[in-house]
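# Structural features, examined
Here's the letter readout for the chains.
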Amino acid sequence: MSSILKIGIAGLGTVGLGVLKILSSHSELITSRSGRSIELKAISARSKSKNRGVSLDDLAWESNIIDLAKRSDIDVFIELIGGDDDPAKEAVETALKSGKHVITANKALLAKHGQELAELAEKNNVSLKFEAAVAGGIPAIKTLTESLAGNKINKIMGVMNGTCNYILTRMENSNLAYETVFNEAQKLGYLEADPTLDVGGIDAGHKLAILTSIAFGTQIDFAAVDKQGIELISVQDIEQTREMGYRIKLLGVSQITDEGLEQRMQPCLVSATSPIGQLENAMNMIIFDGDNSGQVILRGAGAGEGPTSSAVMSDIIDIARGNKVPTFGQSATSLIKMNP
Ligand code: NDP
Ligand code: HSE
């Protein structure tokens, strides 16, 4: 068996703790599948004294994530703190420049800085991986970069924000007003700290921009996503569409048209009997249309501790196996600029 893969985790919230738990509960399984042991060496979060319900006594603590990113005893830096700029960005850059592989679940960071970070990873001959950043537990990134690599992608379509799907289906099923269901979703902990990221279509737009880059070989262009949220949808709108046999979904679509590459994240009417029309609660669904594969439909949990940390684990195992898939499915420097 080859040498131990040593990792450091920045962020011990929902996702970070989930990864810690899988590492401990599935240790043997992960070692057999990786072909080597994986050892968590060091961690970081804002508060060292917070009770997180797990023992962290054997782990080195770094109070500054930049110091964690630089540690000489780790091979992989895992960024699970969030935020589209520093300190997450600086930490990821520091790790890549220090020759460490990076795993992140941070779609906001990737949608804004993914191109430069992918180029930096390539320059330093390390991996930048982000399966958890798009649709949580659904293997959307690996499906596109690996399983469908032999296809020209015609179209991507899907529901990529569980909170919005929860709000819309709950409004429909219970006849409750948007504000009431929004407050309910907030109490359930579904909404991001800044709820406009969810209900404004921004979070889902980040995810669509990432998938678009891989599918069409273009540099991420979040600004080019035509975004509209669900804030103005009323129970009456939902009722009327239901009577016509449709449902309202916050739907992402990305495809090449006569006008160029189109990226839309907007409330749309979909047939109530279609797979997307039947998607309930906080579930996500992503549909890839490949020229050879035809339509591939992925459905699953787009958020939460288990699903998201499962996706992070798949990236850790990939790195342990030495799987070298380029960040966006092809060399970052070969990606075409959409709006030159
Ligand atoms: P949480 O808010 O639950 O946890 C964030 C963690 O980061 C906390 O442990 C916090 O420390 C730590 N942290 C925040 N700022 C700093 C800082 N400046 N220095 C050190 N530590 C810091 O977030 P999640 O786990 O939910 O999300 C993590 C990432 O995963 C985000 O990018 C998110 O978008 C992404 N993601 C999350 C999903 C989910 O279902 N939750 C799904 C898909 C992606 P402390 O605990 O001490 O406050
Ligand atoms: N707020 C996001 C959602 C979390 O509801 O889908 C997962 O990215």
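Residues numbered from 1 in each chain as written. Chains lettered and ligands numbered in written order. Predicted model: local features only at pLDDT ≥ 70, side-chain atom pairs only at ≥ 80, totals over all residues. Heavy atoms only, no water.

### Thoughts on a nonpolar patch on the surface
A cluster of nonpolar side chains, contributed by M244, Y246 and L269, occupies part of the molecular surface with about 310 Å² of accessible area. Looking at M244, the relative accessible area reads 53%, which means it is exposed. (Patch = residues over 30% accessible without salt bridge, like charges linked within 9 Å, V, L, I, M, F, W, Y side chains within 5 Å. Areas by Shrake-Rupley, 256 points an atom, 1.4 Å probe, with all protein chains shown as cover. Salt bridge = Lys/Arg side-chain N within 4 Å of Asp/Glu carboxyl O. Buried < 20%, exposed > 50% of the residue type's maximum accessible area, 1.4 Å probe, protein only.)

### With respect to the packing of aromatic side chains
Summed over the entire model, instances satisfying the criterion amount to three aromatic pairs. Taken together, a centroid distance of 5.3 Å and an interplanar angle of 45 degrees make the contact between F130 and F328 tilted. Highlighted residues: F130 in the loop between β6 (128-129) and α6 (140-147) and F328 in the segment after α12 (305-321), separated in sequence by 198 residues. Of the two residues examined, F130 and F328, each falls in the buried class. Considering the side-chain rings of Y178 and F182, the 6.0 Å spacing of their centres and the 40 degrees angle between planes classify their relative orientation as tilted. Taken as a pair, Y178 and F182 lie in helix α8 (residues 178-187) at a separation of four residues, close to a single helical turn. With respect to burial, Y178 and F182 carry one shared label: buried. Over the face of the ring belonging to F222 we find K227, whose NZ or CZ atom lies 4.0 Å from the ring centre. (Phe/Tyr/Trp six-rings, centres within 6.5 Å; stacked < 30°, edge-to-face > 60°. Helix = DSSP H or I, 4+ residues; strand = E, 2+ residues; numbered from the N terminus. Lys NZ or Arg CZ within 6 Å of the ring centre and 35° of its normal.)

### Remarks on the pairing of strand β5 (residues 101-104)
Alignment of strand β4 (residues 76-79) against β5, held across four bridges, turns out to be parallel. Directly across from V76, in β5, lies its bridge partner H101. Both β5 and β6 contribute to a ladder of two bridges, which runs parallel. In the sheet register, V102 faces β6, and the bridge partner there is L128. Between β5 and its parallel partner β6, the chain crosses via helix α5 (residues 107-123), and the hand of that crossover is right-handed. (Pairing = 2+ DSSP bridges. Right-handed = clockwise from strand over helix to strand, strands pointing away.)

### Focus: the site of ligand 1
Close to ligand 1 lie 22 residues, the nearest being L12, V15, S47, R52 and G304. One of the backbone nitrogen or oxygen atoms of L12 is found 2.8 Å away from an oxygen atom of ligand 1. V15 places a polar main-chain atom, nitrogen or oxygen, 2.9 Å from an oxygen atom of ligand 1. Relative to its unbound accessible surface of 900 Å², ligand 1 loses 79% to contact with the protein. Within the shell around ligand 1, the residues separate by chemical class into 10 nonpolar, eight polar and four charged. (Near = heavy atom within 4 Å. Polar contact = N/O pair within 3.5 Å; in protein donor to acceptor, adjacent residues only side chain to side chain. Nonpolar A, V, L, I, M, F, W, Y, C, P; charged D, E, K, R; others polar.)

### Quick notes on helix α2 (residues 27-34)
Buried residues of α2: I30, T31 and S34, and no others. Buried residues along α2 cover an arc of 100 degrees about the axis, so they all sit on one side. Opposite the packed face of α2, turned more than 90 degrees from it, sit the exposed residues E28 and S32. Looking at the buried positions of α2, the neighbouring elements they touch are α1 (14-25), β2 (38-44) and α12. At the C-terminal side of α2, G35 shows a positive phi close to 80 degrees. (Arc of directions from axis to C-beta. Contact = heavy atoms within 4.5 Å.)

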